[in-house]
Structure formats: structure tokens, C-alpha cells
Amino acid sequence: MKLEAVIFDLDGVIADTVELYYIATKRLADEIGVPFDRTLNQKLQGMSRLSMVEALLGDQANEWTDEEKVALGNKRGEYYRQLIEQLTPHDVLPGMLQLLKDIREEGVKIGLASSSSNASFVVERLQVRSFFDYIVDVKTIKKMKPDPEIFLKAAQGLGVVPHHCVAIEDGEAGLRAIKETDMFSVGIGKHLTDLQPDWLVHSTAEITWSELKERFEHKKAGLL
């Protein structure tokens, strides 16, 4: 079974931006007086802006109108945008630049399935845009992660059936989405252990092209 495409999430997979999300969301949480920590920050990765705000508000969500929630999401988005203005190629996570190069040299297609409306800006700041054959426009997605639509859209855009794809995620919602497809799933972080990805790593530095190919082939051959 040939591996024909690798689909990446962005934040926490290629870009070292999870902490920036934490800083931006913590600023908003402090302003409105709701608790927020890094554990919740990880759970919010991959959610739509509205879903993120409702999860942040928790029991208080019903006390806010939809318009107010949208305004809160936009404010957090602006705080985050200010932070990512400072991104450089040094903010690519360990091992990811080499992985992208190795995949490209093998002639395998590369896609990006990020829920972030800032994805195109971030990949330009990181100077990795040229590696991607297809980047999903999140504005075209009707159902956000954990729905699999964004990953299926990426496969379609690459012209590859899901069965021949690998998808890499660090967020709970994103991994749940991948597992709804026929793709080989790679999960980054021990917080994903219970979701049982096909390959669980603790950091991006562990993912090499040779091992990724081997694990994919073994899985498809029923050896894992």
C-alpha cells in the first residue's frame, strides 16, 4: 500500500504556536474573569472560534449573546494575530523542516488542514509555504474538527483517497477527526494516549520520514 500524501495540522505540529494561543486566550480569560490553564488550552486546539469561546466561558456561556461571543472570539483572534507577527523560521517545531524536505524529495504530496484562519500567514512567516501542494481554506469548511471534513477536503484537494494518506495532529479534536477517516493517524503528545492514534509520539522530533513510511506500510498490511 503506497503512501501518497501527508496531511499536517499547523499549530503544535509545524508551528510552535500553542503557547501563543495560550497567551492570547489567557489575556481574554483574565479580562472576562473566567479560569483558564494550559490543559484547557490544549483541548481548545482545532476548535472553531465560536466553539472555543463557548468552551472558555463554560457554565457562563448562556449568559452571553451570540454577538458577544463572536466579539470575544474576534478579540482573542486579534491578540493572537499580534503575537504571530513575530514568528520566524526558527519557530518551526523540531524535526518538521527535515520531514517536509524528505517528503518532498520522495515526491509524496503534502497538504495542510488547519482550523486557523491565520494558517496562510503563519506558513509564510515560517517560510514553509513552498512545501504544500494544497492548503485547505478554512472558510470553505462547514463542520469544524472533530468532524473529519477538513481532512477529507485536504485529501480531495491533493487528489488522493484517504486510505493512502497520513494525517498528523496534536489536538484532541483534530485526532478524533482523523480517526473518522481511513487515514493513518499520528498523534503528538501524551494527552492523546487515550485516543489511540496509529502512532503516538511525545514530540515532533520523533517523527522521521523513514519510520513514518514503515509504520504506515505495516498498518496497511495488517502488521500493527
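Every residue gets a number counted from 1 within its own chain, in the order that chain's sequence is written. In view of the model being predicted, local features appear only for residues whose pLDDT reaches at least 70, and side-chain atom pairs are presented and counted only at 80 or more, with totals across whole chains, interfaces and linings using the full set of residues. With hydrogens and water excluded, all non-hydrogen atoms of the structure serve as input to the side-chain values.

> So what's going on with the packing of helix 4 (residues 66-84) against helix 6 (residues 119-126)? Residues and values would help.
In this analysis, axes come from line fits to C-alpha atoms, helices being fitted only over the stretch in contact, and the angle between any two N-to-C directions falls in the range 0 to 180 degrees. Numbering goes from the N terminus for both helices and strands, where a helix is a DSSP run of H or I of at least four residues and a strand is a run of E of at least two. One can describe the packing of helix 4 onto helix 6 by two numbers: an axis separation of 11 Å at closest approach and a directional angle of 15°. One finds that helix 4 runs roughly parallel with respect to helix 6. Here helix 4 and helix 6 pass one another in a crossing that is left-handed. Taking contact as the criterion, the partners of Tyr80, Arg81 and Ile84 in helix 4 are, on helix 6, Phe121, Val122 and Arg125. Each residue is assigned to one of three groups, with Ala, Val, Leu, Ile, Met, Phe, Trp, Tyr, Cys and Pro labelled nonpolar, Asp, Glu, Lys and Arg labelled charged, and all others, Gly among them, labelled polar. Considering only residue class, the contact of helix 4 with helix 6 consists of four nonpolar, no polar and two charged. In what follows, roughly perpendicular refers to angles from 65 to 115 degrees, roughly parallel to angles under 35, roughly antiparallel to angles over 145, and oblique to any angle outside these ranges. By definition, any crossing whose near helix is turned counterclockwise from its far helix by less than a right angle is left-handed, and any crossing with a clockwise turn is right-handed. Whether two residues are in contact is decided by their heavy atoms: any pair within 4.5 Å suffices.

> Give me the lowdown on the packing of aromatic side chains, citing residues and values where you can.
When two rings of Phe, Tyr or Trp (its six-membered ring) have centres within 6.5 Å they constitute a pair, described as stacked for plane angles under 30 degrees, edge-to-face for angles over 60, and tilted for the intermediate range. Taken as a whole and judged by the stated rule, the model has four aromatic pairs. With centroids separated by 6.4 Å and ring planes inclined at 90°, the aromatic side chains of Phe8 and Phe132 adopt a geometry described as edge-to-face. Linking Phe8 in strand 1 (residues 5-8) with Phe132 in the loop between helix 6 and strand 3 (134-135), this pair joins segments that are 124 residues apart in sequence. Using a relative accessible area of 0% as the deciding quantity, one classes Phe8 as buried. Centroid distance Tyr22 to Phe36: 5.5 Å. Interplanar angle 20°. Geometry classified as stacked. Highlighted residues: Tyr22 in helix 1 (residues 18-32) and Phe36 in the loop between helix 1 and helix 2 (38-44), separated in sequence by 14 residues. Note on classification: 1.4 Å probe, protein chains only; a residue is buried when its accessible area is under 20% of the maximum for its type, exposed when over 50%, partly exposed between these limits.

Spatial relationships are all this shows, so hold off on functional conclusions.
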